[in-house]
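# Per-entry structural report
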Amino acid sequence: MKRTSRIPGFYKEPVESRRRLLAEAADLDTSEIARVLAAGGLDVATADKTVENVLGTYALPFSLGLNVRINERDWLVPMVVEEPSVVAAASNAARMIREGGGFSAEADEPLMVAQVQLWGVREADAATRRLREAEASLLAMADAAVSSLVARGGGARAIEARDLGDGLYVVHVVVDVRDAMGANLVNTVAERLAPAIAALTGGVVGLRILSNLSDKRCVRVRCAVPAASLATAEMPGAMVRDGIAMASRFAERDPYRAATHNKGIMNGVDAVVMATGNDWRAVEAGAHAFAARSGRYEPLATWRAGDDGALHGAMEIPLALGIVGGTLRVHPGARLAMKILNVRTAQDLAMVAAAVGLASNLAALRALATEGIQRGHMSLHARSVASAAGARGAEVELVSAEIAEARDVTLDAARRALTRLRAGAPHAYGDYGLSLAK
Ligand code: MEV
């Protein structure tokens, strides 16, 4: 069966039937989804074996991102995030991007860098020459330290050296980590090679650790959105397109704006990274270091109006993501996320995370270039206010719709709306849900 990531009306369904719809779309067992998510994806006993001083677990919403199509293939995307509107906005933008044929994406080979720091290197040029001569034997030594990785098709690929001045010197061992995130593998390599590298360079060994600036492991993702798909009730598509292109220029010129622009991208990227049990601090560190690689902090994604009238978006981001080992070994929620995604390689996962990041950026810029961000946020915030006021089940949608429409998103207003609703009074159903994925 060909998978589709397009499930119209998904957001309107109660949780139970969303699980059923997902099970059908992803060919999974509904009871497995329910069982894993009932415990918030992680039970206390397992958590206690994972980190130290555990008192319990701490749950976040586990949601489904829709409409994502990359290189002609559909992806159902698990997203874990606490911020209202991130999932709806990404799904909605992915639907617009889909109208332009979806995302096209490519991922580099999964190359990570192990750094070995040295100090007191007196003759950097001679050290570099000796390292080059010894490269093959160093690579063989590295491979011997990670033989199971070599058996899976990975292994050490190159030795690079950089003179940092004043006797400070760093050697990079480039390792193909295949489907792992790779931190443990490259740290092992760094520690194993350090004595030999010290002997070759005449330096004293300092740190031996991966670099989180994983710029040899980038994803490039693009899309072209027809202007008509961007239109809002108040603004024609061409105007929205031009507003988004101007928003991009703003971020390209101003690091203050670029930081917020990139935050909007990371809303989507991190939600996928978290759902799949990956290290989001590593991804964040890499993304922001990469954004500053020119010496100036810049946006990771840019947007332009094309000659064809469409809005063209492009993004490049380093993504060190794994689909084996680490948290995935122990975290049932992360394993469920992997089953939903059904990725075959870490590169596939990186392309999905990047696409969701680009969609999140488009959604944010479209909202900011048109009605502003607050209205959509308010609609979604209204749901938690409605729940806090005591609304249950279908009442949540009705009460939140009423208070959002009245622009009075307060607990008092929600309580009044709930009382009226329970008394059988007609509700004012506004445009709530327009910002949600349809
Ligand atoms: C909020 O989480 C993200 C935005 O601030 C991103 C942006 O300004 O582009 C809306």
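Rules used throughout
Residues numbered from 1 in each chain as written. Predicted model: local features only at pLDDT ≥ 70, side-chain atom pairs only at ≥ 80, totals over all residues. Heavy atoms only, no water. Helix = DSSP H or I, 4+ residues; strand = E, 2+ residues; numbered from the N terminus. Rg over C-alpha atoms; globule rule 2.2 N^0.38 Å. Buried < 20%, exposed > 50% of the residue type's maximum accessible area, 1.4 Å probe, protein only. Domains from an automatic or database assignment. Near = heavy atom within 4 Å. Polar contact = N/O pair within 3.5 Å; in protein donor to acceptor, adjacent residues only side chain to side chain. Areas by Shrake-Rupley, 256 points an atom, 1.4 Å probe, with all protein chains shown as cover. Nonpolar A, V, L, I, M, F, W, Y, C, P; charged D, E, K, R; others polar. Phe/Tyr/Trp six-rings, centres within 6.5 Å; stacked < 30°, edge-to-face > 60°. Lys NZ or Arg CZ within 6 Å of the ring centre and 35° of its normal.

## Thoughts on the overall build of the protein chain
Per the secondary structure count, the protein chain includes 17 helices and 10 strands. Compactness check: the protein chain gives a C-alpha radius of gyration of 25 Å against a globular reference of 22 Å for 438 residues, within 12% of the reference. Oriented by its inertia axes, the alpha-carbon framework of the protein chain measures out at about 85 × 55 × 45 Å. The buried share among the 438 residues of the protein chain stands at 49%.

## Things to note about the domain arrangement of the protein chain
Under the domain assignment used here, the protein chain contains domain 1 (10-108 + 217-370), domain 2 (111-210) and domain 3 (374-422). The C-alpha centroid of domain 3 is placed 27 Å from the C-alpha centroid of domain 1.

## What about the site of the ligand?
Taken together, Glu83, Arg257, Thr260, His261, Lys263, Gly264, Asn267, Ala364, Leu368 and Ile373 make up all the residues around the ligand. At 2.6 Å, a side-chain N or O of glutamate 83 approaches an oxygen atom of the ligand. A distance of 2.7 Å separates an oxygen atom of the ligand from a polar side-chain atom of lysine 263. In the complex, the protein chains occlude 85% of the 300 Å² of accessible area that the ligand would expose alone. Contributions of two or more residues to the shell around the ligand are made by helix H11 (255-275) and helix H14 (346-369). With 6 residues, the single largest contributor to the shell around the ligand is H11. For the shell around the ligand, a count of residues per class yields 3 nonpolar, 4 polar and 3 charged.

## Let's talk about the packing of aromatic side chains
One pass over the structure, following the stated rule, counts 0 aromatic pairs. The cationic tip of arginine 73 hangs over the ring face of tryptophan 75; the distance from NZ or CZ to the ring centre is 3.9 Å. Lying across the ring of phenylalanine 290, arginine 293 places its NZ or CZ 3.7 Å from the centre.

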